[in-house]
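Overview (structure and organization)
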Amino acid sequence: VVREHGVGPVDAATRAALTGKRVLVTAGPTRERIDPVRYLTNRSSGKMGFAIAAAACAAGAEVTLVAGPVNLPTPTGVRRIDVESAAEMLAAVDSAATGLDVFIGAAAVADYRPTTPSPHKIKKTAERIELALERTTDILARVAARADRPFTVGFAAETEDVERYARGKLETKRLDLIAANEVGDSKAFDVDDNALVVLSAEGREEIPHASKIDVARRLVVMIAAHLSKSARKGIA
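These lines cover the structure that appears in this document, whether it is placed above or below.

About the cut-offs
- Residues numbered from 1 in each chain as written.
- Predicted model: local features only at pLDDT ≥ 70, side-chain atom pairs only at ≥ 80, totals over all residues.
- Heavy atoms only, no water.
- Helix = DSSP H or I, 4+ residues; strand = E, 2+ residues; numbered from the N terminus.
- Polar contact = N/O pair within 3.5 Å; in protein donor to acceptor, adjacent residues only side chain to side chain.
- Patch = residues over 30% accessible without salt bridge, like charges linked within 9 Å, V, L, I, M, F, W, Y side chains within 5 Å.
- Areas by Shrake-Rupley, 256 points an atom, 1.4 Å probe, with all protein chains shown as cover.
- Salt bridge = Lys/Arg side-chain N within 4 Å of Asp/Glu carboxyl O.
- Pairing = 2+ DSSP bridges.
- Axes fitted to C-alpha atoms, helices over the stretch in contact; angles between N-to-C directions.
- Contact = heavy atoms within 4.5 Å.
- Buried < 20%, exposed > 50% of the residue type's maximum accessible area, 1.4 Å probe, protein only.
- Right-handed = clockwise from strand over helix to strand, strands pointing away.

1. Section: the side chain of S45
Relative to the elements of secondary structure, S45 occurs in the loop between β5 (38-40) and α2 (47-58). Engagement of the side chain of S45 in a polar contact is seen with the backbone nitrogen of K47, the distance being 3.2 Å.

2. Observations concerning a nonpolar patch on the surface
A cluster of nonpolar side chains, namely Y112, L131 and L133, defines an oily patch on the protein surface of about 270 Å² accessible area. In this fold, L131 is placed in the loop between β9 (112-114) and β10 (133-135).

3. Remarks on the sheet that holds strand β12 (residues 177-182)
The strand order β7-β6-β3-β8-β11-β12-β13-β14 describes an open sheet built from eight strands, whose pairing is mixed. The open sheet has two edge strands, β7 (79-82) and β14 (203-211), and neither has a second partner. Strand-to-strand twist of the sheet, defined as the mean angle between neighbouring strand axes without regard to direction, takes the value 15 degrees. Alignment of strand β3 (residues 22-27) against strand β6 (residues 62-67), held across six bridges, turns out to be parallel. When the bridges of β6 are listed, A27 appears paired with A67. Each of β3, β6, β7 and β8 (102-105) is contacted by helix α3 (residues 86-96), which is oriented at about 175 degrees to β3, the strand it contacts most. Along the sheet, helix α5 (residues 162-172) contacts β11 (151-158), β12, β13 (193-200) and β14; its crossing angle with β12, the most-contacted strand, is approximately 155 degrees.

4. Points about the pairing of β12
β12 sits mainly inside the fold: five of its six residues count as buried. Here six bridges tie β11 to β12, and the two strands are oriented parallel to one another. Its bridge partner being in β12, A157 is matched across the sheet by N181. Read from β11 through α5 to β12, the crossover connection turns out right-handed. Pairing geometry for β12 and β13, over three bridges, is antiparallel. Residue I178 lies in a different strand from β13, and its bridge partner there is L199.

5. Let's talk about unusual backbone geometry
With the exception of glycine, most residues fall at negative phi, and the peptide bonds are largely trans. Its identity as a non-glycine residue notwithstanding, D161 has a phi of 45 degrees, on the positive side. Relative to the assigned elements, D161 resides in the loop between β11 and α5. Overall, the relative accessible area of 42% leaves D161 in the partly exposed class. In the Ramachandran plot, R174 falls in the positive-phi region, its phi being about 55 degrees despite a non-glycine side chain. Tracing the backbone shows R174 in the loop between α5 and β12.

6. Side note on the side chain of N194
Inspection of the secondary structure assignment puts N194 in strand β13. Among the polar contacts made by the side chain of N194, one reaches the side chain of N181 at a distance of 3.4 Å.

7. Quick notes on the pattern of salt bridges
Taken as a whole, this structure holds twelve salt bridges when the rule is applied. With a closest N to O distance of 2.7 Å, R204 and E163 form a salt bridge. Taken together, the residues R204 in strand β14 and E163 in helix α5 connect sequence positions 41 residues apart. You can call R204 partly exposed: its relative accessible area is 41%. With a relative accessible area of 33%, E163 lands in the partly exposed category. One continuous salt-bridge network, built from bridges that share partners, spans E163, R204 and E206.

Written as structure tokens, this is what we have:
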């Protein structure tokens, strides 16, 4: 057992499963432009995704981190690609997805964006305005549907019925694992701690409340164990 990158001990089995593996992590929010000075976004800080990238790197993986607009330092040893919008994140993931072993979609990607952003600042001349929105591409589902799909891990941030919604995403998007957590005021967003329920076709596992660094390390251990199990099934 060794300690690296400030994320705590890395056990031999996790290191054996992830050393040399190509891992792509997305983190943080996206910003969807309304006009040159306004945008739609969410409360994601990116801390969970950055911690996961650090933990995977500490376990020996070759990690690329696609980060939305956040003010966080790049984990040591991690290649970082900065993006702003959902479309930019999609393009970055598409360009890095070939030959991947693991994809971890921890980013809070906008589900909708303004259909026609204004080229100029919208003036306060009317009592109300209506904003037309269109769906963005589901990056997680797109990666999971690739012919050369990697081991694919999603996140489900929910305010209610957390496990039910997460299980639905796991099945409809055909993911290998999904990490679910309850979000809201003082929960998950804008804080340094978290707790996860990790679902797979085989069942559920829990990561109890702890710092996001510790939660990330335990999640990476779980991912490594499932990856090893999948590899053994492939050989069999």
